[in-house]
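As a plain string of letters, each chain reads:
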Amino acid sequence: MPEIAGQDASHALAAARRVVVKIGSSLLVDTASGAVDAAWLDSMAGDIARLRAAGKSVIIVSSGAVALGRRRLGLSAGARLDEKQAAAAVGQSMLMQAWSATFAAHGIVAGQVLLTREDTERRRRWLNARATVEALLTLGVAPVVNENDTVATEEIRYGDNDRLAARTAQLARADLLVLLSDVDGLYTADPRRDPDARHIPYLADLTPEALASAEGPNASTGVGSGGMVTKLMAARIARSAGCSTLILSGVPRAPLTALEQGARATLIAAPGTPMTAYKQWIAGSLEPAGVLVVDDGAAVALARGNSLLASGVSEVQGGFDAGDCVRVVGPSGPLGVGLAAYAAADCRRIQGRNSREFEALLGWKGPGVAIHRDDLVLIP
């Protein structure tokens, strides 16, 4: 993935290869009727269709399930948690029906992905969620992510979809997070109260001054349960994963088209790239749980940037699960670390064997490699 350079918001969108777009309830649900704003949603689907046609992967993080279900059930905004969960159970199908219908008009299939905070903070569940999103994108499906409010308790909830969107960008290794708001970015003061407030088009870093600005006059944007503070907290999460963030107004129809035509936004840059950040996490944050010993041929292939094939594994040491970090050791010594595609017991069954034999050996069809090159960090 390319590092997004420059300070221009529209350039950031044009340069991105994988984009996560977060859409809040107040944009998607018409406040007067309490129903989906079909015209706005269709314009958003048109924007996403154009990005996909340009070769970009797009993931949508969409609020709206609780708001739609609450209206259908006649619940108030101050409903209890169990009532909100009931509203989500009713509203999720309504939300996905709206997305499916609007995407169908553009020849796109929508797929629902429901997450809780645990799904993006516990590594094995994170890996499972990542695999699902990757499979959907590979199949040409537009993933529509929402918090799984029907099962999430207060202790495992995000509370706002800005942070969920940032975690989604992190697990999907997106290079751009787009947070649609009811304002066109960050200001030095509240522009609705201070005529001298200046728009901030670009932040190279999230300085204490920027965060303080959001905590003060920018704190409430009126977007769902999040405000400007939550957006900057989301941007901080995204930056740690090498993902830049755009905050722009989603009020006009086709907001991404408006951005390309010169609409204002705030771009918060990220250092490095998503892949660089991901590999730094593997190399520096995980304790290896086992060892894969490989032969000379595999060592040469790894040095060329290839994945580790099971046919090149000569010995499996230790006990580990799929997704655990393992050391890779060659005939001349340590080669690197990576995330195992299979648990230790399964690695022993397939070591030295061709991927065509995996299903017969394991009884199920799994990945074709022992460690994918994206999940592997070599020692310099």
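Residues numbered from 1 in each chain as written. Predicted model: local features only at pLDDT ≥ 70, side-chain atom pairs only at ≥ 80, totals over all residues. Heavy atoms only, no water.

Draft legend 1. Region of interest: the packing of aromatic side chains. Under the defined criterion, the tally for this structure stands at six aromatic pairs. Centre to centre, the rings of Trp 126 and Trp 281 are 5.5 Å apart; their planes meet at 55°, and the pair counts as tilted. Of this pair, Trp 126 sits in helix H7 (residues 123–138) while Trp 281 sits in helix H12 (residues 274–285); the two residues are 155 residues apart in sequence, bridging distant segments of the chain. The exposure class of Trp 126 is buried, given its relative accessible area of 8%. The side chain of Arg 173 reaches across the aromatic face of Tyr 278, ending 4.5 Å from its centre. (Phe/Tyr/Trp six-rings, centres within 6.5 Å; stacked < 30°, edge-to-face > 60°. Helix = DSSP H or I, 4+ residues; strand = E, 2+ residues; numbered from the N terminus. Buried < 20%, exposed > 50% of the residue type's maximum accessible area, 1.4 Å probe, protein only. Lys NZ or Arg CZ within 6 Å of the ring centre and 35° of its normal.)

Draft legend 2. Representation of the environment of Glu 287 within the structure. You can see Glu 287 is positioned in the loop between H12 and strand E11 (291–294). Taking relative accessible area as the criterion, Glu 287 reaches 66% and is therefore assigned exposed.

Draft legend 3. Spatial organisation of the packing of helix H4 (residues 65–73) against helix H5 (residues 81–104). Orientation of H4 relative to H5, taken along the N-to-C sense of each, is 105°, at an axis distance of 6 Å. Judged by the inter-axis angle, H4 sits roughly perpendicular to H5. Taking contact as the criterion, the partners of Ala 65, Val 66, Leu 68, Gly 69, Arg 70, Arg 72 and Leu 73 in H4 are, on H5, Lys 84, Ala 86, Ala 87, Ala 88, Val 90, Gly 91, Gln 92, Met 94 and Leu 95. (Axes fitted to C-alpha atoms, helices over the stretch in contact; angles between N-to-C directions. Parallel < 35°, antiparallel > 145°, perpendicular 65-115°, else oblique. Contact = heavy atoms within 4.5 Å.)

Draft legend 4. Here's a closer look at helix H8 (residues 161–172). Relative to the 16 Å expected for twelve residues at 1.5 Å per residue, H8 spans 16 Å between its end C-alpha atoms, a close match to the ideal helical length. A large share of H8 lies buried, amounting to nine of its twelve residues. Three or more residues of H8 are buried, namely Asn 161, Asp 162, Leu 164, Ala 165, Ala 166, Thr 168, Ala 169, Leu 171 and Ala 172. Looking at the residues trailing H8, positive phi occurs at Arg 173, about 55°. (Expected span 1.5 Å × (residues − 1).)

Draft legend 5. Molecular detail of the environment of Tyr 202. Looking at the element boundaries, Tyr 202 is found in strand E8 (residues 202–203). Sequence separation between Tyr 202 and Thr 266 is 64 residues, and the spatial gap between their C-alpha atoms is 5.4 Å.

Draft legend 6. The side chain of Thr 168, seen in detail. Tracing the chain through its elements places Thr 168 in helix H8. Judged by its relative accessible area of 1%, Thr 168 is buried. Look past the residues within four positions of Thr 168 in its chain and what remains in contact with it is Val 20, Ile 59, Val 61, Leu 115 and Val 145.

Draft legend 7. Summary view of the sheet that holds strand E9 (residues 244–249). A sheet is described by the order of its strands in space; here eight strands give the open sequence E3-E4-E2-E1-E5-E9-E10-E8, paired in mixed fashion. Strand pairing shows two members of the sheet lacking a second neighbour, strand E3 (110–115) and E8, which therefore form its edges. The sheet contact formed by strand E5 (residues 176–181) and E9 spans six bridges and is parallel. Residue pairing in the sheet places Leu 179 in a bridge with Ile 247 of E9. Helix-sheet contacts for H5 involve strand E1 (18–23), strand E2 (57–62), E3 and strand E4 (142–147), and the interaxial angle to E3 is about 150°. (Pairing = 2+ DSSP bridges.)

Draft legend 8. Summary view of unusual backbone geometry. For Arg 173, which is not glycine, the phi dihedral falls at a positive 55°. Among the structural elements, Arg 173 can be located in the loop between H8 and E5.

Draft legend 9. Representation of the sheet that holds strand E13 (residues 325–330) within the structure. The strand order E12-E11-E13-E14-E15 describes an open sheet built from five strands, whose pairing is mixed. In this open sheet, the two strands that pair with only one neighbour each are strand E12 (313–317) and strand E15 (376–378). Looking at each pair of strands side by side, their axes are set apart by 25° on average, direction ignored. Bridge count between E11 and E12: four bridges; the pairing is antiparallel. Within E12, the position partnered with Val 294 by the bridge is Val 313.

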